[in-house]
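# Structure assessment
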Amino acid sequence: KAGVTQTPRYLIKTRGQQVTLSCSPISGHRSVSWYQQTPGQGLQFLFEYFSETQRNKGNFPGRFSGRQFSNSRSEMNVSTLELGDSALYLCASSTTGQGNSPLHFGNGTRLTVT
Amino acid sequence: GIQVEQSPPDLILQEGANSTLRCNFSDSVNNLQWFHQNPWGQLINLFYIPSGTKQNGRLSATTVATERYSLLYISSSQTTDSGVYFCAARNTGGFKTIFGAGTRLFVKA
């Protein structure tokens, strides 16, 4: 069974631009969550989706948004990029939306904002 | 929300040594997991262990949910064990999994 797939792996953008990151969960997994990892802040929760519904959102500005499609694939979008948005963005999937199953992570998208 | 604290923050071991990593959490949980992040950034799920004890080769984990802590044991450490170990918890009824700051492990040959 294929793992969690994130695309692209690397991305370089300039301030003010916007970016869309994609995540394909493990087949059969219906829950997708996103995390931002930076050296200073560690792993911070961005969003969690289950069956196309956003169940929770972390403490990030409105420039960060996401969605989940009917096939459970998810995208996140960051508009008006800032230098501080440079980070590793990680997506994880799990079988249920109840939190009682393990998370499986993709390899991440490393975003650099110049 | 739930708070997750890990200790120690950094650990240096000689190859072959044993170690114990600790994770404290502030609320009752229905989900407690341990991850290893390798130098390339890949996060690997080691254990899903909301309670009890599990073993996988040289690694084992114990969660005492009533006392709100979990321990990860690494025996006979190898250089490939180097990396960052994260504990992550999700409280009952919550819709997000919170990560601790991690324990950075370096195993010397």
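Since the structure is predicted, the reported quantities are computational estimates derived from the model, not experimental observations.

Rules behind the numbers
- Residues numbered from 1 in each chain as written.
- Chains lettered and ligands numbered in written order.
- Predicted model: local features only at pLDDT ≥ 70, side-chain atom pairs only at ≥ 80, totals over all residues.
- Heavy atoms only, no water.
- Helix = DSSP H or I, 4+ residues; strand = E, 2+ residues; numbered from the N terminus.
- Rg over C-alpha atoms; globule rule 2.2 N^0.38 Å.
- Buried < 20%, exposed > 50% of the residue type's maximum accessible area, 1.4 Å probe, protein only.
- Contact = heavy atoms within 4.5 Å.
- Areas by Shrake-Rupley, 256 points an atom, 1.4 Å probe, with all protein chains shown as cover.
- Lys, Arg positive; Asp, Glu negative; His and termini not counted.
- Charge placed at Lys NZ, Arg CZ, Asp CG, Glu CD.
- Core = buried A, V, L, I, M, F, W, Y, C linked by side-chain atoms within 4.5 Å.
- Buried area = accessible area lost by both parts, 1.4 Å probe.
- Salt bridge = Lys/Arg side-chain N within 4 Å of Asp/Glu carboxyl O.
- Polar contact = N/O pair within 3.5 Å; in protein donor to acceptor, adjacent residues only side chain to side chain.
- Phe/Tyr/Trp six-rings, centres within 6.5 Å; stacked < 30°, edge-to-face > 60°.
- Lys NZ or Arg CZ within 6 Å of the ring centre and 35° of its normal.

Helix and strand counts for chain B stand at zero helices and 11 strands. When the helices and strands of chain B are placed in sequence order, the string is β-β-β-β-β-β-β-β-β-β-β. At 13 Å, chain B has a C-alpha radius of gyration in line with the 13 Å of a compact globule built from 109 residues. For chain B, the C-alpha atoms occupy an extent of roughly 45 × 25 × 20 Å along the three principal directions. Buried residues in chain B amount to 50% of all 109 residues. Considering only intrachain contacts with a sequence separation of at least 6, the fraction spanning at least 24 residues in chain B is 55%. On chain B, roughly 5100 Å² of surface is accessible, and the fraction owed to carbon and sulfur atoms is 50%. For chain B, the separation between the mean place of its 8 positive charges and that of its 6 negative charges on side chains is 5 Å.

Residues and elements named next belong to chain A. Here Ser 65 lies in strand β7 (residues 64-68). For the pair formed by Ser 65 and Glu 75, sequence separation is 10 residues and the distance between their alpha carbons is 8.5 Å. Apart from the residues within four sequence positions on either side, Ser 65 is in contact with Phe 47, Glu 75, Met 76 and Asn 77.

Right, let's get into the nonpolar core. Counting 23 residues, the largest nonpolar core has Leu 32, Trp 34 and Leu 72 of chain B as the members making the most contacts within it. Of all elements in the fold, only β2 (10-14), β3 (19-25), β4 (29-37), β5 (43-48), β7 (59-64), β8 (69-74), β9 (83-91) and β11 (103-108) of chain B reach the threshold of two or more residues within this core. Contact partners of Leu 72 of chain B, with chain neighbours within four places excluded, come to Ser 19, Thr 20, Leu 21, Trp 34, Leu 46, Phe 47, Ser 60, Ala 61 and Tyr 85 of chain B. One finds Val 4, Trp 34, Val 78 and Cys 91 of chain A within the second-largest nonpolar core, a separate group that totals 21 residues.

Taken together, the 18 residues of chain A in the interface contact 16 residues of chain B. Summed over both sides, the interface between chain A and chain B buries roughly 1600 Å², with carbon and sulfur atoms accounting for 51% of that surface. Three residues stand out in chain A for area buried against chain B, namely Leu 43, Leu 103 and Phe 105 of chain A, and they jointly supply 28% of the buried area on that side. Applying the counting criterion to the chain A and chain B interface returns one salt bridge. Salt-bridge contacts for Glu 48 of chain A lead to Arg 90 of chain B; the nearest nitrogen and oxygen are separated by 2.8 Å. Put simply, chain A and chain B have seven residue pairs in polar contact (both at pLDDT 80 or more) between them. Those elements giving two or more residues to the side of chain A that touches chain B turn out to be β4 (31-38), β5 (42-50), β6 (53-57) and β9 (87-94) of chain A.

The next subject is the side chain of Gln 6 of chain A. Residues and elements named next belong to chain A. As for its placement among the helices and strands, Gln 6 is situated in strand β1 (residues 5-7). Looking at Gln 6, its side chain comes within polar contact range of the main-chain oxygen of Tyr 89, at 3.0 Å. Among the polar contacts made by the side chain of Gln 6, one reaches the main-chain amide nitrogen of Cys 91 at a distance of 2.9 Å. Residue contacts for Gln 6: discarding those within four places in its chain leaves Ser 22, Cys 23, Trp 34, Tyr 89, Leu 90, Cys 91, Gly 106, Asn 107, Gly 108 and Thr 109.

Turning our eyes to something else, we now look at the packing of aromatic side chains. When we look at a pair of aromatic rings, we describe it by the centre distance and by the angle of the planes. Taken as a whole and judged by the stated rule, the model has nine aromatic pairs over all chains. Pairing Phe 47 of chain A with Tyr 49 of chain A gives two aromatic rings, centres 6.0 Å apart and planes at 50 degrees, and the pair type is tilted. The pair Phe 47 of chain A / Tyr 49 of chain A is uniform in exposure class, with both members buried. Aromatic rings pair up to connect Tyr 35, Phe 45 and Phe 105 of chain A together with Phe 35, Phe 86 and Phe 99 of chain B into one cluster. Between the NZ or CZ atom of Arg 22 of chain B and the centre of the ring of Tyr 69 of chain B, over which it lies, the distance is 4.2 Å.

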